[in-house]
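Spelled out, the chains give:
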Amino acid sequence: MFDTLLPRPVSAQPAPGSFHLDVTTSVQADPAAESAARWLRHTLGAATGLPLSPTPADGDIRFVVDPTVPGPEGYRLEITPDRVVVTASDPAGAFYAAQTLRQLLGAPAFRASVVHRGPWVLPCGRVQDRPRFGWRGCLLDVARHFMPKDGVLRFVDLLAAHKLNVLHLHLTDDQGWRMQIHRYPRLTEIGSWRAGSRVGAHRELVHDGRPHGGYYTQDDLREIVAYAAERQVTVVPEIDVPGHCQAAIAAYPELGNTPDERLEVWPFWGVNENVLNVADATVTFFCDVFDEVVDVFPSPVVCVGGDEVPTTQWERSPLARQRMAELGLSDPAGLHGWFVGRMAAHLADRGRRVLGWDEIGEVGALPPDAVVASWRGEEAGVTAALAGHDVVMCPEQRLYLDHRQSDHPDEPVPVGYLTTLQDVYRYEPVPAGLPAEAARHVLGAQAQIWTEHLDSPRRVDYAAFPRLAAFAEVVWSPAEGKDLTGFEQRLARHHLSRLDALGVEYRPLDGPRPWQTRPGVPGRPR
Ligand code: ACM
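Residues numbered from 1 in each chain as written. Predicted model: local features only at pLDDT ≥ 70, side-chain atom pairs only at ≥ 80, totals over all residues. Heavy atoms only, no water.

Colleague: Can you lay out the sheet that holds strand β15 (residues 353-357) for me, pointing to particular residues and giving the numbers?
Modeller: Two modes of strand pairing occur in sheets, parallel and antiparallel, and in both the strands are linked by backbone hydrogen bonds. Spatially, eight strands are ordered β7-β8-β13-β14-β15-β16-β17-β19 in a closed barrel, and the strand pairing comes out parallel. Strand-to-strand twist in this sheet, taken as the mean axis angle between neighbours without regard to direction, amounts to 30°. Pairing of strand β13 (residues 234-241) with strand β14 (residues 301-305), which is carried by two bridges, proceeds in the parallel orientation. Bridging from a neighbouring strand, Val-241 pairs with Gly-305 of β14. (Pairing = 2+ DSSP bridges. Helix = DSSP H or I, 4+ residues; strand = E, 2+ residues; numbered from the N terminus. Axes fitted to C-alpha atoms, helices over the stretch in contact; angles between N-to-C directions.)

Colleague: Go over the packing of helix α1 (residues 34-48) against helix α2 (residues 91-104) with me, naming the residues and quoting the values.
Modeller: It is at 8 Å that the axes of α1 and α2 come closest, and there the two elements cross at 20°. Judged by the inter-axis angle, α1 sits roughly parallel to α2. The chirality of how α1 crosses α2 is right-handed. Residues Ala-36, Trp-39, Leu-40, Thr-43 and Leu-44 of α1 form the contact with α2, whose own contacting residues are Ala-94, Phe-95, Ala-98, Gln-99, Leu-101 and Arg-102. Per-class residue counts for the contact of α1 with α2 are eight nonpolar, two polar and one charged. (Parallel < 35°, antiparallel > 145°, perpendicular 65-115°, else oblique. Left-handed = near helix turned anticlockwise from the far one by under 90°. Contact = heavy atoms within 4.5 Å. Nonpolar A, V, L, I, M, F, W, Y, C, P; charged D, E, K, R; others polar.)

Colleague: I'd like to hear about the layout of surface pockets, residue by residue, with values.
Modeller: Here the largest pocket defines a volume of roughly 680 Å³. Taken together, 26 residues form the lining of the largest pocket, with Trp-269, Gly-270, Glu-308, Glu-452 and Arg-526 sitting closest to its centre. Contributing to the lining of the second largest pocket are 18 residues, with Thr-43, Arg-102, Phe-110, Asp-157 and Leu-502 lying nearest its centre. Secondary structure elements with two or more residues in the lining of the second largest pocket: α1, α2, α3 (149-161) and α17 (484-502). Grouping the amino acids of the lining of the second largest pocket by side-chain chemistry returns 10 nonpolar, three polar and five charged. (1 Å grid on protein atoms, 1.4 Å probe; cavity = no way out; pocket = protein on both sides within 12 Å on 5 of 7 lines; lining within 4 Å. Points joined across faces, edges and corners; volume = space filled by probe spheres on them.)

Colleague: How would you summarise the side chain of Asn-272 if you had to cite specific residues and measurements?
Modeller: Residue placement: Asn-272 occurs in the loop between α6 (246-251) and α7 (280-296). Judged by its relative accessible area of 8%, Asn-272 is buried. Here the side chain of Asn-272 touches Gln-246 through a polar contact of 2.9 Å, side chain to side chain. Ignoring sequence-local partners within four residues, the contact set of Asn-272 consists of Asp-174, Gln-246, Trp-266 and Pro-310. (Buried < 20%, exposed > 50% of the residue type's maximum accessible area, 1.4 Å probe, protein only. Polar contact = N/O pair within 3.5 Å; in protein donor to acceptor, adjacent residues only side chain to side chain.)

Colleague: Describe empty space enclosed by the protein, naming the residues involved and giving the relevant values.
Modeller: Applying the stated criterion across every chain, the model contains four cavities of 30 Å³ or more. Taken as a whole, the largest cavity holds about 80 Å³ of empty space. Along the walls of the largest cavity sit 13 residues, with Asp-402, His-403, Pro-412, Arg-459 and Tyr-462 positioned nearest its centre. Looking at the lining of the largest cavity, the element that brings in the most residues is helix α15 (residues 457-464), giving three residues. Of the pockets and cavities examined, the second largest cavity occupies roughly 40 Å³. What lines the second largest cavity is Leu-140, Asp-141, Val-142, His-145, Phe-146, Met-147, Thr-451, Leu-454, Asp-455, Ser-456, Pro-457 and Val-460. Within the residue set of the lining of the second largest cavity, elements represented by two or more residues are β7 (135-141) and α15. Class assignment for the residues of the lining of the second largest cavity results in seven nonpolar, three polar and two charged.

Colleague: Explain helix α10 (residues 333-349) residue by residue, including any values.
Modeller: Taking 1.5 Å per residue as the helical rise, α10 with its 17 residues ought to reach 24 Å, and the 25 Å between its terminal C-alpha atoms agrees with that figure. Those residues of α10 that sit buried are Gly-334, Leu-335, His-336, Gly-337, Trp-338, Phe-339, Val-340, Met-343, Ala-344, His-346 and Leu-347. Residues of α10 that are buried in the fold lie against β13, α7, β14, α8 (312-316), α9 (318-327) and β15. Where α10 terminates, the next one or two residues include Gly-351, which has phi positive at roughly 80°. (Expected span 1.5 Å × (residues − 1).)

Colleague: So what's going on with the sheet that holds strand β1 (residues 11-21)? Residues and values would help.
Modeller: Across the sheet, six strands lie side by side as β1-β6-β4-β5-β3-β2; this open sheet has mixed pairing. Both outer strands of the open sheet, β1 and β2 (27-29), are each paired with one neighbouring strand and no more. Looking at each pair of strands side by side, their axes are set apart by 20° on average, direction ignored. Direction of pairing for β1 relative to strand β6 (residues 120-129): antiparallel, over a ladder of eight bridges. Counted as the bridge partner of His-20 is Val-121 from β6. Packed on one face of the sheet, α1 meets β1, β2, β3 (61-65) and β6 and runs near 170° to β2.

Colleague: Explain the pairing of β13 to me, and be specific about the residues and the numbers.
Modeller: Here β13 lies mainly inside the structure; seven of its eight residues are buried. Summarising the sheet, strand β8 (residues 166-170) and β13 pair through five bridges and their orientation is parallel. Along β13, the bridge assignment pairs His-168 with Val-236.

Colleague: Any details on the nonpolar core? Residues and values, ideally.
Modeller: Counting residues in each nonpolar core, the largest one holds 108 residues, and the members touching the most others are Phe-155, Trp-177, Leu-187, Phe-286, Val-289 and Leu-468. Among the elements that make up this core, the one with the highest residue count is α7 (nine residues). If we skip the residues at most four places from it in the chain, Leu-187 touches Trp-177, Ile-181, Ser-192, Ala-248, Ala-251, Tyr-252, Phe-285 and Val-289. Membership of the second largest hydrophobic core comes to 40 residues, among which are Leu-21, Ala-98, Leu-101 and Trp-120. (Core = buried A, V, L, I, M, F, W, Y, C linked by side-chain atoms within 4.5 Å.)

Colleague: Would you mind going over the packing of aromatic side chains in detail, with residue names and values included?
Modeller: Applying the stated criterion across every chain yields a total of 16 aromatic pairs. Taken together, a centroid distance of 5.0 Å and an interplanar angle of 70° make the contact between Tyr-96 and Trp-476 edge-to-face. Of the two residues, Tyr-96 sits in helix α2 while Trp-476 sits in helix α16 (residues 467-476), which places them 380 residues apart along the sequence. The structure contains a cluster of three or more aromatic residues connected by ring pairs, namely Trp-177, Tyr-184, Tyr-252, Phe-285, Phe-286, Trp-338 and Phe-339. Its end group placed over the ring of Tyr-227, Arg-231 keeps NZ or CZ at 3.6 Å from the ring centre. It is Lys-482 that lies over the ring of Tyr-425; its NZ or CZ is 5.3 Å from the centre. (Phe/Tyr/Trp six-rings, centres within 6.5 Å; stacked < 30°, edge-to-face > 60°. Lys NZ or Arg CZ within 6 Å of the ring centre and 35° of its normal.)

Written as structure tokens, this is what we have:
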């Protein structure tokens with residue numbers, strides 16, 4: 001019975017008997033665990049139609065917080081025929097116990113209304129659980145293709161159902177600016193939509209001629225942040241600088257390096273040369289932007305991007321040459337480090353740490369408390385961890401979920417590295433041989449969902465699932481006892497039906513359904 005759980009818990013011992021939920025069942029909690037109990041009442045109340053009353057004080061399902069339970073984020077779950085007791089190390093642990101209870105009730109508990117008329121049965125026994133890593137992340141790129149707000153809220157629910165706890169929102173890129181900034185309204189008036197999109201990975205400069213856009217108001221984002229917090233998910237915002245900025249430059253041309261050429265929001269994919277200029281006014285502009293970002297997002301970590309910054313325009317720019325002279329730089333790459341460093345210092349003044357893609361480690365931009373997202377492989381992460389920086393492992397060869405899931409010709413828009421379900425499951429976030437002192441700087445790992453070729457929430461579902469279920473096991477479950485066959489069985493026998501009940505359009509294990517293919521749209525496998 002407990003061998004249905006995904007991600008696999010630290011330990012579980014079944015016992016004889018079962019606990020039945022019925023109209024008399026109450027769900028009661030310590031104040032510190034009330035948020036988890038409220039989620040359970042609401043979610044199971046909808047699926048079962050049971051009232052799940054919050055009283056009496058010694059309710060049938062009880063949530064207690066006890067800091068002596070191994071944590072952080074840990075819980076002990078004891079199910080006997082006449083009661084269910086959750087003892088959690090903290091509110092997050094209580095929430096994960098509630099997620100475990102929903103899994104134990106079976107797939108019908110994942111529906112939004114009553115289909116199954118009971119009985120609702122929990123197996124007796126004891127589960128002890130806590131996550132292996134504290135950073136269990138997923139990046140969602142809402143810049144290349146906008147995800148409407150309700151889709152983001154749904155995605156948060158899906159992360160929480162897999163005990164993932166960081167949603168890294170990639171809010172800006174060359175192809176779109178998605179966050180309302182009160183001080184600079186043209187960022188969304190102009191920057192939030194483009195005239196068309198390249199279809200697939202064609203090399204020719206052709207787009208579909210169909211406008212694409214959308215943005216979140218600050219209240220939308222506050223709603224997403226609060227909704228995520230209730231589900232123990234931290235939303236880490238990313239404003240990518242000083243590259244990947246063409247949408248901002250289209251809105252405010254004075255931020256760019258091409259005063260004689262008016263740029264549009266980019267309708268193509270790839271890395272482009274239109275980076276920010278290095279004027280004081282541009283630094284001030286982005287400090288203002290980050291001020292609004294920290295006002296909306298309470299996350300202790302804020303991502304400044306810092307990836308893929310071509311220096312071609314700086315090489316030609318008198319302003320950039322002047323700045324290099326002033327800073328004593330011989331290489332324009334130093335300007336990349338200088339710009340990121342200015343943003344990091346500004347965020348530090350506001351009590352936040354920066355997260356940056358691993359290029360920031362190479363361009364002299366690394367404040368001691370910066371977190372490095374190791375994406376071009378693991379080397380940068382190893383170097384940063386050895387130097388005492390915290391690191392999140394995101395290698396594109398292993399954890400980019402927009403990359404193709406099989407070598408089959410039916411795989412829709414196959415780009416990047418072959419990344420099967422099994423490849424994701426086998427991923428080990430702590431590189432072999434990393435000394436313990438450095439290994440403790442590996443905060444965890446993060447799966448990336450870039451959306452150049454994922455133009456709808458349906459396509460995001462296909463890319464994310466079921467590989468995100470394998471990823472959940474990588475970052476949550478103990479390294480000992482890793483078992484691919486066991487995982488595949490739990491997935492096929494129990495977990496896919498939960499995803500079906502939630503309406504997730506995952507990739508079936510034997511390949512895409514006909515309507516999930518994209519005949520004729522070229523990819524670019526690596
Ligand atoms: C990245 O994939 N450019 C972080």
